[in-house]
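If you want the building blocks of each chain, they are given just below.
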Amino acid sequence: MRCTMQMGTGSVVRGGERRWVRHVFETSSARYEERQPQDELARDVVCFWTLHIDSRERSHVQHILPDLAADVISVDDGPPFVAGPPTAAMRIPISGGTAIKGVRLRAGAARRLFDASPVELLDRHVPLRDLLRAPSARAAAAHDVHGYVAGLLRQTSAEKDPTVRSAISWLAANWRSSVDDLSKHANWSSRELRRRFVAALGMGPKLVQRMVRVQAALHLMRARKGRVALSELAFECGFADQAHMTREIGRFTDHTPTHLRRLAHLAPRGFADRR
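Please read these numbers as outputs of a predicted model, since none were measured by experiment.

Draft legend 1. Spotlight on the pattern of salt bridges. For the structure on display, the rule yields 15 salt bridges. The residue Asp44 makes a salt bridge to Arg165 at a minimum N-O spacing of 3.1 Å. With Asp44 in the loop between strand S2 (30–35) and strand S3 (45–53) and Arg165 in helix H5 (residues 162–173), the pair connects residues that are 121 residues apart, well separated along the chain. On the basis of relative accessibility, which here comes to 2%, the residue Asp44 falls in the buried class.

Draft legend 2. View of the packing of aromatic side chains. Tallied over the full model, the rule gives one aromatic pair. Sitting over the face of the ring of Phe235, Arg176 holds its NZ or CZ atom 4.1 Å from the ring centroid.

Draft legend 3. Layout of the side chain of Thr98. For Thr98, the position within the fold is in the loop between strand S7 (90–95) and strand S8 (99–105). A residue is classified by how much of its surface remains accessible, and Thr98, at 8% relative accessible area, is buried. Leave out the neighbours within four places in its chain, and Thr98 touches Leu51, His52, Ile53, Val75 and Asp76.

Draft legend 4. Here's a closer look at the confidence of the model for the protein. When pLDDT is averaged along the protein, the result is 84, and 83% of the positions lie at 70 or above. Taking the mean pLDDT of every element in the protein, the minimum, 51, falls on helix H3 (residues 135–139) and the maximum, 96, on helix H10 (residues 242–253). Every residue in residues 1–20 is under pLDDT 50, and counting partners more than four places away or in other chains gives 84 contacts. Scored below 50 in pLDDT, residues 267–275 shows 36 contacts in the model against residues more than four places distant or in partner chains.

Draft legend 5. Here's a closer look at the environment of Ala88. The topology assignment puts Ala88 in the loop between strand S6 (81–83) and S7. Take Ala88: its relative accessible area is 26%, and that puts it in the partly exposed class. The spacing of Ala88 and Ile249 is 161 residues in sequence and 9.9 Å in space, taken between C-alpha atoms. Filtering out sequence-adjacent residues up to four positions away, Ala88 remains in contact with Ile64, Pro66, Asp123 and Arg251.

The rules behind these values
- Residues numbered from 1 in each chain as written.
- Predicted model: local features only at pLDDT ≥ 70, side-chain atom pairs only at ≥ 80, totals over all residues.
- Heavy atoms only, no water.
- Salt bridge = Lys/Arg side-chain N within 4 Å of Asp/Glu carboxyl O.
- Helix = DSSP H or I, 4+ residues; strand = E, 2+ residues; numbered from the N terminus.
- Buried < 20%, exposed > 50% of the residue type's maximum accessible area, 1.4 Å probe, protein only.
- Phe/Tyr/Trp six-rings, centres within 6.5 Å; stacked < 30°, edge-to-face > 60°.
- Lys NZ or Arg CZ within 6 Å of the ring centre and 35° of its normal.
- Contact = heavy atoms within 4.5 Å.
- pLDDT = per-residue confidence, 0-100.

Below, the structure written as structure tokens:
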């Protein structure tokens, strides 16, 4: 239930003190707000977020895009659960009047917090209490999911394999490079590269690369306000050709590049980048 706002529908407001930067995206039916974490949590947390659906709405559909992140979520202050990283675009119906709070974890952070393999979390929703190692943590109340997850992170040890995050960053900066290029850059064999990615993220480097390329295309569309030729975009982001990009964007966003480009051109401020 990762709350990625539908593209082209909102506005952005920035404010707050120090690193607590506030972003608000609003539509006629929903208000999504996020805050960036303080310095000591930024290694593991993308943002703390809330989503409120207008009580006058019968139903709101939330469009969710894969971004390698897991979320810890509480709906109407109910028991929190973990939404593992999705591997394809999803549309989640939410009833009017619903209030949701969540913490979006950076790629790989879930492995440090939860007693589960990252593979077991892909495309799944699992009660948080079933994933916590310590009995005291399982018994604790978690109505304030923001504060609760922040406390858990402060109690955990350092990241076990920071090199995987470095590898993801390298893929994000080298869109046209191959997984073999990454293997050489990291000085790992292809088998070791896959083993480390699956252990940290639950998915192999090739799937990660596909997601990163799609995110890159969305980012460039937003940055250029939709004023970009699709053939040029496909080449720049490392797709084999425009048809290849169309297939990949369709799988990971459930939209066509033409539709997304139009949204970016018409309402660039709402074209939300979630990388």
